[in-house]
Amino acid sequence: MGSIAWSGKDVLSILDFSREDLETLFETADDFLKRPGSVPKTLADRIVATAFFEPSTRTRLSFSTAALKLGAKVIDLSPDVSSVLKGESLSDTIRMLQSYSDLIVMRHPSEGAALLASEVSDVPIVNGGDGSQHHPSQAMLDLYTIRRLKGRVDGLRYAVVGDTRYARTAASFLYGLAKYKPASVYLVSPEGLRMRDEVKNSIRKLGLRTEELDTLEPVLGKVDVIYMNRIQKERFPDPNEYEKVKGSYRITKSLLSGAGDAIVLHPLPRINELAYDVDDLPNAAYMEQARLGVPVRMALLHLVMGGGAR
Ligand code: CP
């Protein structure tokens, strides 16, 4: 039942998927994780195209890995050596890719770019990030990581820390969390990086209550999940504004001594907000989070390409 919602669908925002759809995705990812040596080649003879107009390590390569593991072939548009450099428009570029492939995973700095692509493409578009707006597969793997490490998403206490204004990961995570019933959600950011009104209004309409804080310390020891986000220098319209807030937060081993068994998530890449001495603590969950991007993206590709729930 849940898989019908996925088949042939564009993945533009996690808002477009119900909790039941997400559970179908997670159960399918569980199934792929259980059988690492005998993954069914459900995408044999299919071609997945990647088109990243912004840098990426995890999203691009984990989607490629996921597609290859399922038996698909992968083609990659590298904007810096393609006709994008000659001025070809996004819509013409997508028209070309859709005639060469069965699904396109794309990332673009402009908000709404994936939506535009979906309007000109006959094959499904998977949004790997559009400006500050959406990063649906990241939110899906974030929720999946919590589900695996904490056994549930409901009833937990969350702190989303850092750039809650420009980080598409923070917005998408909250959109996803709004499908569940968290006990509490704290948004920890400097005044200048508070969540945008459009995101606040969307999650409020979905019934998600949040509380804004300037610092993490008052809730450290009370939360189960600390979701760190990099302060996104590249998104600030005014570089002086970035200078005012950079380095506002830093999670260290000594800070986490008061965090109990809270897990620390981070979509990565990290800069200074997450010290390397945290890596050895049992709280550090961000490398596992990145690793789980592969089974979640395998499940996503499988379901969108009509593979059905497993
Ligand atoms: N989390 C994430 O989107 O990482 P990349 O920018 O490396 O894809």
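### A word on the domain arrangement of the protein
The domain boundaries assigned to the protein delineate domain 1 (14–134 + 291–304) and domain 2 (136–289). If you look at where domain 1 meets domain 2, you find 7 salt bridges. In this structure, E23 and R147 form a salt bridge, with 3.4 Å as the shortest nitrogen-oxygen distance. At the surface where domain 1 touches domain 2, the tally comes to 20 residue pairs in polar contact (both at pLDDT 80 or more). No other element matches the 9 residues that helix α1 (residues 19–34) contributes to the side of domain 1 that touches domain 2. Class assignment of the residues belonging to the side of domain 1 that touches domain 2 gives a composition of 13 nonpolar, 8 polar and 10 charged.

### Some details on the sheet that holds strand β4 (residues 125–130)
Strands pair in a sheet through their backbones, by hydrogen bonds, and they do so in one of two ways: parallel or antiparallel. Pairing is parallel in the open sheet, where 4 strands are placed in the order β2-β1-β3-β4. Each edge of the sheet is formed by a strand with only one pairing partner; in this case those strands are β2 (73–77) and β4. Across the sheet, the mean angle from the axis of one strand to that of its neighbour is 15 degrees, orientation sign disregarded. Seen against the sheet, helix α2 (residues 58–69) touches β1 (47–52), β2, β3 (103–108) and β4 and runs at an angle of roughly 175 degrees to β1.

### Topic: the layout of surface pockets
Size it by volume and the largest pocket reaches roughly 400 Å³. Every residue lining the largest pocket is counted, 21 residues in all, and those nearest its centre are R107, R168, R230, L268 and P269. Those elements giving two or more residues to the lining of the largest pocket turn out to be α2 and α6 (168–177). Its residues assigned to classes, the lining of the largest pocket shows 5 nonpolar, 9 polar and 7 charged. For the lining of the largest pocket, the domains that each give at least three residues are domain 1 (14–134 + 291–304) and domain 2 (136–289). Estimated volume of the second largest pocket: approximately 170 Å³. Around the second largest pocket sit 13 residues that line it, and I231, Y242, G247, I271 and E273 are the ones nearest its centre. By residue class, the composition of the lining of the second largest pocket is 5 nonpolar, 4 polar and 4 charged.

### Describing the site of the ligand
Close to the ligand lie S56, T57, R58, T59, R107, H135, Q138, P267 and L268, which account for all nearby residues. Interatomic distance of 2.9 Å between a side-chain N/O atom of R107 and an oxygen atom of the ligand. At 2.9 Å from an oxygen atom of the ligand is found a side-chain nitrogen or oxygen belonging to H135. Notes on the ligand: free accessible area 260 Å², of which the protein chains cover 92%. Of all the cavities here, the one that holds the ligand is the largest pocket. Both of domain 1 (14–134 + 291–304) and domain 2 (136–289) provide at least three residues apiece to the shell around the ligand.

### What about the pattern of salt bridges?
Side chains that differ in charge, positive against negative, can pair when their charged atoms come close. The final tally for this structure, using the stated rule, is 21 salt bridges. For D31, the salt bridge is made with R35, and the minimal N-O distance between the two is 3.3 Å. Its relative accessible area of 11% is what places D31 among the buried residues. By relative accessible area, which is 29% here, R35 ends up partly exposed.

### Re the nonpolar core
A general trend in soluble globular proteins is that nonpolar side chains are found buried together. Within the largest apolar cluster, 61 residues are counted, with the highest numbers of intra-cluster contacts made by M140 and L300. Here the element with the most residues in this core is helix α11 (residues 293–304); it accounts for 8 residues. Both of domain 1 (14–134 + 291–304) and domain 2 (136–289) provide at least three residues apiece to this core. Setting aside anything within four residues of it in sequence, one finds L300 in contact with W6, V11, L25, F63, V126, S137 and M140.

### Thoughts on helix α7 (residues 197–205)
By the burial criterion, the buried members of α7 are V199, K200 and I203. Projected down its long axis, α7 shows its buried positions confined to an angular sector of 100 degrees, all on one face. Every exposed residue of α7 that faces more than 90 degrees away from the buried side is listed here: D197 and K205. The first or second residue beyond α7 is G207, which carries a positive phi of 90 degrees.

Calculation rules
Residues numbered from 1 in each chain as written. Predicted model: local features only at pLDDT ≥ 70, side-chain atom pairs only at ≥ 80, totals over all residues. Heavy atoms only, no water. Domains from an automatic or database assignment. Salt bridge = Lys/Arg side-chain N within 4 Å of Asp/Glu carboxyl O. Polar contact = N/O pair within 3.5 Å; in protein donor to acceptor, adjacent residues only side chain to side chain. Helix = DSSP H or I, 4+ residues; strand = E, 2+ residues; numbered from the N terminus. Nonpolar A, V, L, I, M, F, W, Y, C, P; charged D, E, K, R; others polar. Pairing = 2+ DSSP bridges. Axes fitted to C-alpha atoms, helices over the stretch in contact; angles between N-to-C directions. Contact = heavy atoms within 4.5 Å. 1 Å grid on protein atoms, 1.4 Å probe; cavity = no way out; pocket = protein on both sides within 12 Å on 5 of 7 lines; lining within 4 Å. Points joined across faces, edges and corners; volume = space filled by probe spheres on them. Near = heavy atom within 4 Å. Areas by Shrake-Rupley, 256 points an atom, 1.4 Å probe, with all protein chains shown as cover. Sits in = over half its atoms within 2 Å of the grid points. Buried < 20%, exposed > 50% of the residue type's maximum accessible area, 1.4 Å probe, protein only. Core = buried A, V, L, I, M, F, W, Y, C linked by side-chain atoms within 4.5 Å. Arc of directions from axis to C-beta.

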